[in-house]
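# Examination of the molecular architecture
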Amino acid sequence: MTKPAHPVATGPRIVTLTMNPALDITTSVDVVRPTEKLRCSATRYDPGGGGINVARIAQVLGGSVFAVFPAGGSHGGLLVRLLSEEGLPCAHIPIAASTRESFTVNETSTARQYRFVLPGPQLTSADQQRCLQELRFAARSADFVVASGSLPPGVPADYYQRVADVCRQLGARVVLDTSGGGLRHISRGVFLLKASVRELQECAGRELVTESAQFGAAHELIDRGLAQAVVVSLGSHGALLATRDTSERFSAVPMGHGSGVGAGDAMVAAITVGLCRGWSLAESVRLGIAAGAAMLLTPGTAACERADVERLFEQVGQPSEVTEVTDVSASAM
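As the structure is a computational prediction, the values presented were derived from the model and not from experiment. (Residues numbered from 1 in each chain as written. Predicted model: local features only at pLDDT ≥ 70, side-chain atom pairs only at ≥ 80, totals over all residues. Heavy atoms only, no water.)

### Let's talk about the overall build of the protein chain
- The helix and strand tally for the protein chain stands at 10 helices and 14 strands.
- Relative to the compact-globule value of 20 Å for 333 residues, the protein chain shows a C-alpha radius of gyration of 19 Å, a close match.
- Overall, the C-alpha framework of the protein chain stretches about 50 × 50 × 40 Å when taken along its three principal axes.
- The buried share among the 333 residues of the protein chain stands at 54%.
- For the protein chain, contacts bridging at least 24 residues in sequence account for 69% of all contacts bridging at least 6. (Helix = DSSP H or I, 4+ residues; strand = E, 2+ residues; numbered from the N terminus. Rg over C-alpha atoms; globule rule 2.2 N^0.38 Å. Buried < 20%, exposed > 50% of the residue type's maximum accessible area, 1.4 Å probe, protein only. Contact = heavy atoms within 4.5 Å.)

The structure is reproduced here in structure tokens:
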């Protein structure tokens, strides 16, 4: 395993877990056309995957962070080297299969973005167990564990529930950002769930067209004991925050066009850093919105700048409280 830049014994306050990391490749072309050879611009390589992106941004914002992830093959080797060059404290679990690539093409003539995400390597049961063991060691004194990103082939859908159970034993609070089976098979133990509207619909099992319905679904998850708080990211429309006693709406920072890759991960990173600073959930979500907006100023999945996040934070208004929420729990029966 890669030796951390700083010993784990110093006690990182944030530990991230990325079960399906990626080598992010970004390039651009004037026009995307079928069947033709497309001559692309210079290629950019970044370490990627949900938890790795979170760790990179958390470090930029001054957070004490440590990243855990499996890696294998030449792509995994390059991923580890890139993180080492950034000085990110981490431990990787060597696997036989090769780490996946994610490929982003920016069409310069239209400002459209095309993203191609591969499924990832097959992880054996032994690989999965070693990841849990490394997480248990790394997070033994952590305040927060951020489990973020998709689950690769071979990993059971309830894996993040196992992660939550380990963190409960350690006394660390879990921040979860995932989708698909990994999200649907969570039933307890999450401190903060960050979801898009699509992911929230996956949990609720229904369309959530209105804001009131989205708040209602978020409160249903809280009432079921899945999470203590739910943040719903709305992109250019801001975000929603639901806790047991409150429903708050946050506006977005007006931004021009840019690459939105990694914006959700930046939001999670900044929220967690805010909580580590002792900020309230509402103030932490404001910081998260600022970090997500700052990612629009960066190429590919490059980390945003702390100065940009702090500048944009001043532009994020205070939340407004929502009093009328649709009770969807009855319709779920």
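Structure's up, so let's keep going.
### Examining the sheet that holds strand 11 (residues 227–233)
- One open sheet accounts for 10 strands, arranged 5-4-1-8-9-10-11-12-13-14; its pairing is mixed. Unpaired on one side and paired on the other, strand 5 (90–94) and strand 14 (320–321) mark the two borders of the sheet.
- With five bridges connecting them, strand 8 (residues 144–148) and strand 9 (residues 173–177) associate as parallel partners. Looking at the pairing, A147 lines up with L176 of strand 9.
- Sitting on the sheet, helix 4 (residues 159–170) touches strand 1 (14–17), strand 8 and strand 9, and the angle it makes with strand 8 is about 175°.
- Sheet strands touched by helix 7 (residues 211–223): strand 10 (190–196), strand 11, strand 12 (239–243) and strand 13 (247–250). Its angle to strand 12, the strand with the most contacts, is close to 35°. (Pairing = 2+ DSSP bridges. Axes fitted to C-alpha atoms, helices over the stretch in contact; angles between N-to-C directions.)

### Observations regarding the sheet that holds strand 7 (residues 112–117)
- Spatially, 3-2-6-7 is the arrangement adopted by the four strands of the open sheet, whose pairing is mixed. Edge positions in the sheet fall to strand 3 (44–48) and strand 7, since each has one partner strand and no second. Sheet twist, expressed as the mean angle between neighbouring strand axes with direction ignored, is 20°.
- The pairing of strand 2 (residues 22–29) with strand 6 (residues 100–107) spans eight bridges and is parallel.

### Description of helix 10 (residues 306–313)
- The set of residues buried in helix 10 consists of D308, V309, L312 and F313. Buried residues in helix 10, looked at end-on, bunch into an arc of 135°, giving them a common side.
- Close packing links the buried residues of helix 10 with helix 9 (281–294). (Arc of directions from axis to C-beta.)

### Regarding the state of the cysteines
- For the structure shown, the criterion picks out zero disulfides.
- Left without a disulfide partner, C167 is nearest to the cysteine sulfur of C276, which lies 13 Å away.
- Just so you know, C203 is unpaired, no disulfide at all, and the nearest cysteine sulfur is the one on C167, 18 Å from it.
- Looking at C203, the relative accessible area reads 17%, which means it is buried. (Disulfide = S-S within 2.5 Å.)

### Concerning the pairing of strand 11
- Summarising burial for strand 11: six of the seven residues are buried, a large majority.
- With six bridges connecting them, strand 10 and strand 11 associate as parallel partners. In the strand pairing of strand 11, L192 is matched with A229.
- Relative to strand 12, strand 11 is paired through five bridges, and the arrangement is antiparallel. From the neighbouring strand, V230 faces strand 12, where its bridge partner is A242.
- Hairpin connection of strand 11 to strand 12: five residues between the antiparallel strands, including G235 at a positive phi of 60°.

### Brief notes about the packing of helix 9 against helix 10
- Helix 10 packs onto helix 9 with a crossing angle of 125° between their chain directions and a minimal axis gap of 8 Å. As far as their axial angle goes, helix 10 and helix 9 are oblique. Crossing geometry of helix 9 relative to helix 10 is assigned as right-handed. In this structure, helix 9 contributes E283, R286, L287, A290, A291, A293 and A294 to the contact, and helix 10 contributes D308, V309, L312 and F313.
- Its residues assigned to classes, the contact of helix 9 with helix 10 shows eight nonpolar, no polar and three charged. (Parallel < 35°, antiparallel > 145°, perpendicular 65-115°, else oblique. Left-handed = near helix turned anticlockwise from the far one by under 90°. Nonpolar A, V, L, I, M, F, W, Y, C, P; charged D, E, K, R; others polar.)

### Things to note about the environment of S251
- Tracing the backbone through its elements, the reader meets S251 in the loop between strand 13 and helix 8 (263–276).
- Taking the relative accessible area as the measure of exposure, S251 reaches 41% and is therefore partly exposed.
- On a C-alpha basis, the gap between S251 and Q318 in space is 8.3 Å, while along the polypeptide they are 67 residues apart.
- S251 has contacts with G238, I289, V316 and G317, leaving out every residue within four places of it along the chain.

### Here's the deal with the packing of helix 1 (residues 50–60) against helix 8
- At a closest axis distance of 8 Å, the pairing of helix 1 and helix 8 adopts a crossing angle of 50°. With respect to helix 8, the axis of helix 1 lies oblique. With respect to the hand of their crossing, helix 1 and helix 8 are arranged in right-handed fashion. Two secondary-structure elements touch here, helix 1 through G50, N53, V54, I57 and A58 and helix 8 through D265, A266, V268, A269 and V273.

The values are spatial; any link to function lies outside them.
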